[in-house]
There are 2 protein chains.
Amino acid sequence: MKIYDWHTGPYPARVRMALIEKGLQRDVTFVSVDLRKGEHKKPAFLAKNYSGTLPVLETADGTLIAECTAITAYLDALRGAPVLTGEGALERGLIHMMNKRAEIELLDPISVYFHHATSGLGPAVELYQNAEWGLRQRDKAIAAMHYFDELLAARRFVAVDRFSMADITVLAGLIFADLVGVAIPETCRALHMWRERMGARPSVSGWMELSRSK
Amino acid sequence: MKIYDWHTGPYPARVRMALIEKGLQRDVTFVSVDLRKGEHKKPAFLAKNYSGTLPVLETADGTLIAECTAITAYLDALRGAPVLTGEGALERGLIHMMNKRAEIELLDPISVYFHHATSGLGPAVELYQNAEWGLRQRDKAIAAMHYFDELLAARRFVAVDRFSMADITVLAGLIFADLVGVAIPETCRALHMWRERMGARPSVSGWMELSRSK
């Protein structure tokens, strides 16, 4: 299978981490879509993904699957352990809930902040900006850091008692926050410690090198 | 199990339709959270769902599951046919992709338009509004109607060759559009016809009465 992505992108990182967790990284060819040139917003790529976002997976027969959660669900059904989207009703519900919460409260707000309240990908790509909205989203993301900090003071992983897609999405949020200079508050000790623990996983330390090493 | 929701809410509609499709509606007690009074943004409810959104499912042992996709995944794993989130890797990937696309391109933009560019739930609830952002989101939703129209000119259902969670999410988008007076363009014939076909399903015609009939 192919994956259209960009090697430093925080959303692509989600799928790259999932691939490494599942041991599927050698089954993938990466195709670069240059975010800096806005290739993801041009007609050739929009024909692959209406929403103009990375990453997109293409199966051997040419079927296209966009959206990180969808790609992770696909990979999870393709190969068994470790299961990233949950086994049984309760795990599935809790992982999907926390994954979505990490998206809407942390990762997506940081992305909106980047594209609307900073120079983002530059004037040729950022054709419309709403700085006021972007700044609100940055504040929302910082509030979410405090929320996840409190959560992780009481448990080892974000959603259930093992690593899951929800941990990956929080990590992607923090990766994006680093890129745009939004620091995790120092008082968020549990979040800092959790991130350090997660950093020991090969998926979390190695996702960026995935396409370079091929 | 309990479901905290509001009987006319478009997001609650997603879970109500899923319940009827799966024949689980009699296993649920509905608890009203009055959107018009902003009960979903008050501390008592925020303790149940950090994001302050409806619906939230509570299991018999008190576990809380928020987010429509998560609740649908939970219900799907709880009881077999009909499967709303897909069987096998490809179906799962495609359904989750189209479900997310329906959220981010249609349903969520209509919601943002409502809360930011109209009076929304009133001044006591809408404490911050960004009208310019809201209007952009309305236009994004209308563009998505054209996208789904083109898609549904060529197939019977949104994601795969049977009814799924993705159909439910497009329907919820159109329900919300009705509520806020954003019409489906007349030229979107396939979308109009698809909606009419979907209206024949008991889940689509009956979700609003679910809590009243109990």
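1. Remarks on the sheet that holds strand 4 (residues 64-66) of chain B
Residue and element names in this part refer to chain B.
1) Next: The mixed open sheet is built from four strands, whose spatial order is 2-1-3-4. Among the strands making up the open sheet, the edge pair consists of strand 2 (29-32) and strand 4. Between one strand axis and the next, the sheet turns by 25 degrees as a mean value, whatever way the strands run.
2) Next: Pairing of strand 1 (residues 2-5) with strand 2 involves four bridges; the strand directions are parallel.

2. Description of the nonpolar core
1) Next: Residues Phe148 of chain A together with Phe148 of chain B are the most contacted members of the largest nonpolar core, which totals 144 residues.
2) Next: Residues in contact with Phe148 of chain B, not counting those within four places in the same chain, are Met98, Arg101, Ala102, Leu106, Val158, Val170 and Leu191 of chain B.
3) Next: The next biggest cluster of nonpolar side chains, apart from the first, holds five residues, and it includes Tyr128 and Trp133 of chain A together with Val112 and Trp133 of chain B.

3. Some remarks on helix 1 (residues 10-22) of chain B
Helical geometry: 3.6 residues make up each α-helical turn, so side chains three or four residues apart lie on a common side.
Residue and element names in this part refer to chain B.
1) Next: Over its 13 residues, helix 1 extends 19 Å from the first C-alpha to the last, a length consistent with the 18 Å expected when each residue adds 1.5 Å.
2) Next: Burial runs high along helix 1: 13 of the 13 residues are buried.
3) Next: Residue Gly23 follows helix 1 closely and has a positive phi angle near 70 degrees.

4. Considerations on unusual backbone geometry
Residue and element names in this part refer to chain A.
1) Next: Along the chain, Ala81 connects to Pro82 via a cis peptide bond; the corresponding omega equals -10 degrees.
2) Next: Mapped onto the elements of the fold, Pro82 is located in the loop between helix 3 (68-78) and helix 4 (88-117).
3) Next: Of note in this structure, Glu67 is not a glycine but carries a positive phi near 80 degrees.
4) Next: Topologically, Glu67 is positioned in the loop between strand 4 (64-66) and helix 3.

5. So, the packing of aromatic side chains
1) Next: Across all of its chains, the model carries 11 aromatic pairs over all chains by this definition.
2) Next: Measuring from centroid to centroid gives 6.4 Å for Tyr11 of chain B and Phe176 of chain B, while their planes differ by 90 degrees, and the two rings are edge-to-face. Highlighted residues: Tyr11 of chain B in helix 1 and Phe176 of chain B in helix 6 (residues 165-179), separated in sequence by 165 residues. Residue Tyr11 of chain B shares its accessibility class with Phe176 of chain B, and that shared class is buried.
3) Next: A connected cluster of aromatic rings, assembled from ring pairs, spans Tyr128 and Trp133 of chain A together with Tyr128 and Trp133 of chain B.
4) Next: Sitting over the face of the ring of Phe30 of chain A, Arg16 of chain A holds its NZ or CZ atom 4.5 Å from the ring centroid.

6. Focus on the sheet that holds strand 3 (residues 56-58) of chain A
Two orientations exist for strands paired in a sheet by backbone hydrogen bonds: parallel and antiparallel.
Residues and elements named next belong to chain A.
1) Next: Across the sheet, which stays open at both edges, the four strands sit in the order 2-1-3-4 with mixed pairing between neighbours. The open sheet terminates on both sides in strands that have one partner only, identified here as strand 2 (29-32) and strand 4. Sheet twist, expressed as the average angle between the axes of neighbouring strands with direction ignored, equals 25 degrees.
2) Next: In terms of strand pairing, strand 1 (residues 2-5) meets strand 3 through three bridges, oriented antiparallel. Residue Lys2 lies in a different strand from strand 3, and its bridge partner there is Glu58.
3) Next: Each of strand 1 and strand 2 touches helix 1 (residues 10-22); the most contacted strand, strand 1, lies at about 150 degrees to it.

Criteria and thresholds
- Residues numbered from 1 in each chain as written.
- Chains lettered and ligands numbered in written order.
- Predicted model: local features only at pLDDT ≥ 70, side-chain atom pairs only at ≥ 80, totals over all residues.
- Heavy atoms only, no water.
- Pairing = 2+ DSSP bridges.
- Helix = DSSP H or I, 4+ residues; strand = E, 2+ residues; numbered from the N terminus.
- Axes fitted to C-alpha atoms, helices over the stretch in contact; angles between N-to-C directions.
- Core = buried A, V, L, I, M, F, W, Y, C linked by side-chain atoms within 4.5 Å.
- Buried < 20%, exposed > 50% of the residue type's maximum accessible area, 1.4 Å probe, protein only.
- Contact = heavy atoms within 4.5 Å.
- Expected span 1.5 Å × (residues − 1).
- Phe/Tyr/Trp six-rings, centres within 6.5 Å; stacked < 30°, edge-to-face > 60°.
- Lys NZ or Arg CZ within 6 Å of the ring centre and 35° of its normal.

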